[in-house]
Amino acid sequence: MINEIRNTIAPVREQIVQHPLYRRMQQMDDIRLFMQYHVFAVWDFMSLLKSLQQQLTCTVIPWVPRGSAATRFLINEIVTGEESDVAPDGARLSHFELYLQAMEQAGADTHPILQCLQQLKSGQRIADVLQSAFIPSAAREFMQYTFDLIFHAPVHAQAAVFTFGREDLIPDMFLALVNDLDQQFPGQISLFKYYLERHIEVDGDHHSHLGMQMVEELCGTDPVKWQEAALAAKTALEKRLLLWDGILQDTKNSVTI
């Protein structure tokens, strides 16, 4: 059944892995622009993860066992890694907080994402925040699908998107480009390079395997659930492709000074 999902998503996934955006990343301004879009995907990923944790484990008091212990183990291990990974200095940080530090080091504009978080902390609804003018349109559309999924899709569809639509999608070619830029501009994107290396090492390997086990646990032998999971994963990848298209178009429109 996992192979059926892989076959369903293969064409659009290949478009993402081979996207011309990666080859476009030749200057620091390109990296900064990429990060200013991509940070929203790094952030909303955590909401998808916490949605899975809430549905697959007990997060209320009094505690009662929920679901299978195997699935609880899978999601809790992933949460631990995503929410409190090891930074280069040995401190514990979520991948999102590490990304923010990488943006600050690179000189990328963190104001839009921080303004988004501030509005949410002040009590604004996510639906209203997503309409804010400071969010790039391609990032807005990407996040709208994520939160529609969180609020309306069954948990097995969310797990499939988490596993196949949000994990090992940053190809080695992008990391190679970042390595080159890190050598050209020492000290400006070392944290971004570290983030990508951790993403590929942890998210694209260990967490990907855990996610597949989780999807198998949740879909079981129900063909309808497998079909729903495949469709949700494919749609998520199509939204990712549109996000990459939006960033690419913006790099073409921007003027490097």
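It should be noted that the structure appears before, not after, this text.
Residues numbered from 1 in each chain as written. Predicted model: local features only at pLDDT ≥ 70, side-chain atom pairs only at ≥ 80, totals over all residues. Heavy atoms only, no water.

Colleague: Help me understand the overall build of the chain in this model?
Modeller: A tally of regular secondary structure across the chain gives 12 helices and two strands. In terms of overall dimensions, the chain is globule-like: its C-alpha atoms have a radius of gyration of 18 Å, near the 18 Å expected for 257 residues. Each principal axis of the C-alpha atoms in the chain carries an extent, and together these give about 55 × 40 × 35 Å. Residue burial in the chain is summarised as follows: out of 257 residues, 52% are buried. In the chain, the proportion of contacts linking residues at least 24 apart, taken out of those at least 6 apart, comes to 75%. Total accessible area on the chain is roughly 11,800 Å²; 52% of this is exposed by carbon and sulfur atoms. Between the averaged position of the 20 positive side-chain charges in the chain and that of its 32 negative side-chain charges there is a distance of 3 Å. (Helix = DSSP H or I, 4+ residues; strand = E, 2+ residues; numbered from the N terminus. Rg over C-alpha atoms; globule rule 2.2 N^0.38 Å. Buried < 20%, exposed > 50% of the residue type's maximum accessible area, 1.4 Å probe, protein only. Contact = heavy atoms within 4.5 Å. Areas by Shrake-Rupley, 256 points an atom, 1.4 Å probe, with all protein chains shown as cover. Lys, Arg positive; Asp, Glu negative; His and termini not counted. Charge placed at Lys NZ, Arg CZ, Asp CG, Glu CD.)

Colleague: I would appreciate a short explanation of unusual backbone geometry in the present structure.
Modeller: The bulk of non-glycine residues show a negative phi, and the bulk of peptide bonds are trans. A cis amide bond links Ile 61 to the next residue, Pro 62, at an omega of 0 degrees. In this fold, Pro 62 is placed in the loop between helix H3 (28-56) and helix H4 (69-83).

Colleague: Would you explain the packing of aromatic side chains in this entry?
Modeller: For any pair of aromatic rings, geometry is given as the distance between the ring centres together with the angle between the planes. Applying the stated criterion across every chain yields a total of seven aromatic pairs. Considering the side-chain rings of Tyr 99 and Tyr 195, the 4.9 Å spacing of their centres and the 85 degrees angle between planes classify their relative orientation as edge-to-face. In this pair, Tyr 99 sits in helix H5 (residues 95-106) while Tyr 195 sits in helix H11 (residues 190-219), placing the two residues 96 residues apart along the sequence. A residue is classified by how much of its surface remains accessible, and Tyr 195, at 5% relative accessible area, is buried. Joined through ring pairs, the aromatic side chains of Phe 34, Tyr 99, Phe 192, Tyr 195 and Trp 244 make up one cluster. (Phe/Tyr/Trp six-rings, centres within 6.5 Å; stacked < 30°, edge-to-face > 60°.)

Colleague: Whenever I open this one, the side chain of Arg 72 confuses me. Can you help?
Modeller: Topologically, Arg 72 is positioned in helix H4. Buried and unpaired, Arg 72 has Glu 217 as its nearest opposite-charge partner, separated by 9.8 Å. For Arg 72, the side chain forms a polar contact with the main-chain oxygen of Gly 67, separated by 2.9 Å. In this structure, Arg 72 is in contact with Leu 56, Thr 57, Pro 65, Arg 66 and Gly 67, ignoring residues within four places of it in sequence. (Salt bridge = Lys/Arg side-chain N within 4 Å of Asp/Glu carboxyl O. Polar contact = N/O pair within 3.5 Å; in protein donor to acceptor, adjacent residues only side chain to side chain.)

Colleague: What should I look at first to understand the side chain of Arg 140 in this one?
Modeller: Among the secondary structure elements, Arg 140 is positioned in helix H8 (residues 137-152). Ignoring anything within four residues of it in the chain, the contact list for Arg 140 reads Leu 130, Gln 131, Ser 132, Ala 133 and Ile 135.

Colleague: Explain the packing of H3 against helix H12 (residues 223-253) to me, please; I cannot follow it from the model alone.
Modeller: If you want to describe how two helices pack, look at the angle between their axes and the distance between the axes. Two numbers describe how H3 lies on H12: the axes approach to 10 Å, and their chain directions differ by 150 degrees. With respect to H12, the axis of H3 lies roughly antiparallel. As H3 packs across H12, the resulting crossing turns out to be right-handed. For the pair formed by H3 and H12, the contact residues are Asp 30, Leu 33, Phe 34, Tyr 37, His 38 and Ala 41 on the first element and Arg 240, Leu 243, Trp 244, Gly 246, Ile 247, Asp 250 and Thr 251 on the second. When the residues that make up the contact of H3 with H12 are grouped by side-chain class, the tally is seven nonpolar, three polar and three charged. (Axes fitted to C-alpha atoms, helices over the stretch in contact; angles between N-to-C directions. Parallel < 35°, antiparallel > 145°, perpendicular 65-115°, else oblique. Left-handed = near helix turned anticlockwise from the far one by under 90°. Nonpolar A, V, L, I, M, F, W, Y, C, P; charged D, E, K, R; others polar.)

Colleague: Please clarify how the environment of Thr 146 should be interpreted in this entry.
Modeller: For Thr 146, the location among the structural elements is in helix H8. In this structure the C-alpha to C-alpha distance between Thr 146 and Val 161, which are 15 residues apart in sequence, comes to 8.9 Å. The residues contacting Thr 146, other than those within four sequence positions of it, are Asp 44, Leu 48 and Arg 166.

Colleague: What is the right way to look at the pattern of salt bridges in this model?
Modeller: Here the idea is simple: oppositely charged side chains can pair when their charged atoms come close. Evaluated as defined, the whole model comprises seven salt bridges. Here Arg 32 makes a salt bridge to Asp 29, at a shortest N to O gap of 2.7 Å. Of this pair, Arg 32 and Asp 29 both sit in helix H3, separated by three residues, roughly a single helical turn. For Lys 50, the salt bridge is made with Glu 83, and the minimal N-O distance between the two is 3.4 Å. Residue Lys 50 is found in helix H3, and its partner Glu 83 is found in helix H4; the two are separated by 33 residues along the sequence.

That is the geometry; function is a separate question.
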